[in-house]
Amino acid sequence: MLVSGKELFQAAKQGGYAVGAFNVNNMEIIQAIIEAAEEENSPVFLQASQGGIKYAGLEYIAALAKTAAEQAKVPVALNLDHGTSFAQVAKCIRAGFSAVMIDGSQLSFEDNIAITQKVVDMAAPCGVSVEAELGKIGGTEDDISVAEAVFTDPDEAAEFVERTKIDALAVAIGTAHGVYKGEPKLDFARLEQIRNATNIPLVLHGASGVPEEAIRKAVPLGICKINIDTELRQAFTKAVQEVVHTKPQEFDPRKLLGPAREAMKEVVKAKLRLFGCAGRA
Ligand code: G3H
Ligand code: ZN
């Protein structure tokens, strides 16, 4: 069933686990995530990134994800990932999203607060959760690159949360979007300080490629939502390439996309178990 992100965030915080949030671009990706969540009896976020919206079209991706969420046997929230403007958030809420992120991380502290407050004022009465970002998460997502990561400051985070009344805060503690060159080093002491200073659900972005021990350490320190995109892309592409190489005569798209869907499903299931949300639906 389609539920508000508020519900998933609150249950995760109370239960001491993190809900998996996976980026969606087409039907097979959505089906892989929903089937995995149902088999693991897990709540889940489906989320549309800026690139996903550009690729599929907002109405298309919303309709697909909404249908999937409504039919699902587990609670599913539909989230806008890295929302860029008040107008985009409004469009997404109209299209049926039950969660939004407004990413004002490239703005000044005061401007980030201002845009986030405006979004909360609109979303909260609609029952839609709001995630915001403070600090700058590094790396590249959908051709949007952040060259210089800036870690989240715990004192600023406390003021930001107090003034904006957001449901969840995305933190910059050493993860980055995309493929890691070396092993990411997470600042767990900072994460704990942010958790103590804010006492709201925290979100870990750029979690593809983060070692399992680091995830297991981060969740009890307040991480309630974990975003994965790159690892799904890799599983999808590897499965398609395998069919192309082993059966070069194959021309039925379903024979390429079906195995890709299965491969992504296995990745999602493993993540749901790792994040602790399996069995929590
Ligand atoms: O917002 C989406 C993510 O943070 C995904 O990051 O592609 O590194 O898994 P990732
Ligand atoms: Zn992200």
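Every value quoted in this text rests on a predicted model; they were computed, and no experiment measured them. Numbering of residues begins from 1 in every chain and follows the order in which that chain's sequence is written. The lettering of chains begins at A and the numbering of ligands begins at 1, in the order of writing. Reporting of local features is limited, given that this is a predicted model, to residues whose pLDDT is at least 70; pairs of side-chain atoms are given and counted only at 80 or more, and all residues count toward the totals for whole chains, interfaces and linings. In computing side-chain values, all of the structure's heavy atoms are included and hydrogens and water are not.

## Description of the sheet that holds strand β9 (residues 176-177)
By definition, the strands of a sheet pair up through backbone hydrogen bonds, in either a parallel or an antiparallel sense.
Then, in step 1: Spatially, the three strands line up as an open sheet ordered β7-β6-β9, and their pairing is mixed. Two strands lie at the open edges of the sheet, namely β7 (144-146) and β9, each paired on one side alone.
Then, in step 2: In this scheme, strands are said to pair when DSSP sees at least two bridges between them. Working definition: helices are DSSP H or I runs of at least four residues, strands are E runs of at least two. Numbering for both runs from the N terminus. Strand direction decides the pairing type here: strand β6 (residues 138-141) and β9, joined by two bridges, are parallel. Paired with Gly-139 across the strands is His-177, a residue of β9.

## A closer look at the site of ligand 1
Then, in step 1: By convention in this text, a residue qualifies as near a molecule or strand provided that one of its non-hydrogen atoms is within 4 Å of it. Every one of the 15 residues lining ligand 1 counts as a neighbour, but Asp-81, Gly-206, Ser-208, Asp-229 and Thr-230 are closest to it.
Then, in step 2: For this analysis, a polar contact is any N or O atom pair within 3.5 Å, provided that within protein one partner can donate a hydrogen and the other can accept it, and provided that sequence-adjacent residues contribute only side-chain to side-chain pairs. Measuring from an oxygen atom of ligand 1, one finds a side-chain N or O atom of His-82 at 3.2 Å.
Then, in step 3: The separation between an oxygen atom of ligand 1 and a polar main-chain atom of Gly-178 is 3.0 Å.
Then, in step 4: Across the complex, the protein chains shield 99% of the 310 Å² of accessible surface that ligand 1 would expose by itself.
Then, in step 5: Counting residues per element, the ones that place at least two in the shell around ligand 1 are β3 (76-83), β9 and β11 (223-228). Only the protein chains shown count as covering a residue, and every accessible area follows the Shrake-Rupley method with a 1.4 Å probe.

## A few points about the coordination of the zinc ion (ligand 2)
Then, in step 1: Distances define the donors: N, O and S atoms within 2.8 Å of the metal qualify, as do those within 3.2 Å of Na, K or Ca. Water is excluded, so some sites may look unfinished. In this structure, His-82 (NE2), His-177 (NE2) and His-205 (ND1) serve as the protein donors to the zinc ion (ligand 2), at separations of 2.1 Å.
Then, in step 2: Binding-site remark: the zinc ion (ligand 2) is held by donors from one chain whose sequence spacing is H-x94-H-x27-H. Residue His-82 is located in strand β3, and its partner His-205 is located in the loop between β10 (202-204) and α9 (212-218); the two are separated by 123 residues in the primary sequence. The pair His-82 / His-205 is uniform in exposure class, with both members buried. Only protein chains enter the accessibility calculation, which uses a 1.4 Å probe; a residue is then buried when its area is under 20% of its type maximum, exposed when over 50%, and partly exposed in between.

## Let's talk about the pairing of strand β2 (residues 44-48)
Then, in step 1: For β2, the tally of buried residues reaches five of five residues, placing the bulk of the element in the interior.
Then, in step 2: In β2, alternate side chains face the same way, and those of Val-44, Leu-46 and Ala-48 on one face and Phe-45 and Gln-47 on the other are all buried.
Then, in step 3: By the bridge criterion, three bridges tie strand β1 (residues 19-23) to β2 in an arrangement that is parallel. Its bridge partner being in β2, Asn-23 is matched across the sheet by Gln-47.
Then, in step 4: Look down the strands so they point away from you; if going from the first strand over the helix to the second traces a clockwise path, that crossover is right-handed. Between β1 and its parallel partner β2, the chain crosses via helix α2 (residues 27-39), and the hand of that crossover is right-handed.

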